[in-house]
Amino acid sequence: MDPVEDRRNTKRQEEYYNSMGNVADSEYGIPRRCPCGGRIRDEVRVKEKYDTLPGKRFFTCINYEADGFHYRQPWVIGVQEEIESLRRRVEKAEQVIKLVPNLNKHIDTVEAEVNRLILAVDNLTAEIYSLTVQVANLEKVCFE
């Protein structure tokens, strides 16, 4: 395959993956990018003659046109989804925090067990040394 064509194809794939990420990002919470790749701005709708909701806020693509290809999300929906996401993260963090005292108890138990095993290893090392000395003395007696 031609390296130039391969590079063009790779760039097209990368642009496609970036646009898919933009779509996924823009469909939940506070959008960061429009599917077209445009920056999202915080827009406040101006008061119009027959406007029933003046001052309504939106997250809008800087390239917004009412053609269905650009993103315009009501501010309230984006913020509500973001708050729900943050609430879930806080609940998970609270669960982890509740486990900390139990983990500290387990750590203390394991440390005590390690200290007990260290003493046992020291005792066994002393016994092995004693046995080694006895074997050496026996060898001297037997081979003399």
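Predicted, not measured: the structure shown is a model, and the values here were computed from it.

## Here's the deal with the overall build of the chain
And step 1. Across its full length, the chain holds 2 helices and 3 strands.
And step 2. If you list the helices and strands of the chain from N to C, you get α-β-β-β-α.
And step 3. In the chain, of all internal contacts separated by at least 6 residues, the share reaching a separation of at least 24 is 32%.
And step 4. Accessible surface, the chain as shown: approximately 12,000 Å² in total, 58% of it carbon and sulfur.

## Considerations on the nonpolar core
And step 1. Among the nonpolar cores identified, the biggest contains 6 residues, and these are Cys34, Ile40, Phe59, Cys61, Tyr71 and Val79.
And step 2. In this view, Cys61 contacts Cys34, Cys36, Gly38, Arg39, Ile40, Arg41, His70 and Tyr71; residues no more than four positions away in its chain are not counted.

## Looking at a nonpolar patch on the surface
And step 1. On the surface, a nonpolar cluster with roughly 280 Å² of combined accessible area is contributed by Leu99, Leu103 and Ile107.
And step 2. Given the relative accessible area of 49%, Leu103 is considered partly exposed.

## Observations regarding the sheet that holds strand β2 (residues 57–61)
And step 1. Read from one edge of the open sheet, 3 strands run β1-β2-β3, paired in antiparallel fashion. Pairing within the sheet leaves two strands with one partner each, and these edge strands are β1 (40–44) and β3 (72–74). Taken pair by pair, the neighbouring strands of this sheet meet at an average axis angle of 25°, ignoring direction.
And step 2. Where helix α2 (residues 75–143) meets the sheet, its contacts fall on β1, β2 and β3, and the angle it forms with β3 comes to roughly 70°.

## Notes on the pairing of β2
Side chains on a regular strand alternate between the two faces of the sheet.
And step 1. Within β2, 4 of the 5 residues are buried, leaving the element largely enclosed by the surrounding structure.
And step 2. When β1 meets β2, the two strands line up antiparallel, connected through 5 bridges. When the sheet's bridge partners are listed, Arg41 is paired in β2 with Thr60.

## Some thoughts on the pattern of salt bridges
Side-chain pairs of opposite charge can arise where the charged atoms are in close proximity.
And step 1. Per the counting criterion, the structure on display carries 3 salt bridges.
And step 2. Glu113 serves as the salt-bridge partner of Arg116, at 2.4 Å between the closest nitrogen and oxygen. Remark: Glu113 and Arg116 occur in helix α2; sequence separation between them is 3 residues, near one turn of the helix.
And step 3. Overall, Arg116 belongs to the partly exposed group, its relative accessible area being 47%.
And step 4. A residue is classified by how much of its surface remains accessible, and Glu113, at 36% relative accessible area, is partly exposed.

## Some words on α2
And step 1. The terminal C-alpha atoms of α2 lie 96 Å apart, and with 69 residues this matches the ideal 102 Å at 1.5 Å per residue to within 8%.
And step 2. Contacts from the buried residues of α2 go to β2 and β3.

Procedures and definitions
- Residues numbered from 1 in each chain as written.
- Predicted model: local features only at pLDDT ≥ 70, side-chain atom pairs only at ≥ 80, totals over all residues.
- Heavy atoms only, no water.
- Helix = DSSP H or I, 4+ residues; strand = E, 2+ residues; numbered from the N terminus.
- Contact = heavy atoms within 4.5 Å.
- Areas by Shrake-Rupley, 256 points an atom, 1.4 Å probe, with all protein chains shown as cover.
- Core = buried A, V, L, I, M, F, W, Y, C linked by side-chain atoms within 4.5 Å.
- Buried < 20%, exposed > 50% of the residue type's maximum accessible area, 1.4 Å probe, protein only.
- Patch = residues over 30% accessible without salt bridge, like charges linked within 9 Å, V, L, I, M, F, W, Y side chains within 5 Å.
- Salt bridge = Lys/Arg side-chain N within 4 Å of Asp/Glu carboxyl O.
- Pairing = 2+ DSSP bridges.
- Axes fitted to C-alpha atoms, helices over the stretch in contact; angles between N-to-C directions.
- Expected span 1.5 Å × (residues − 1).

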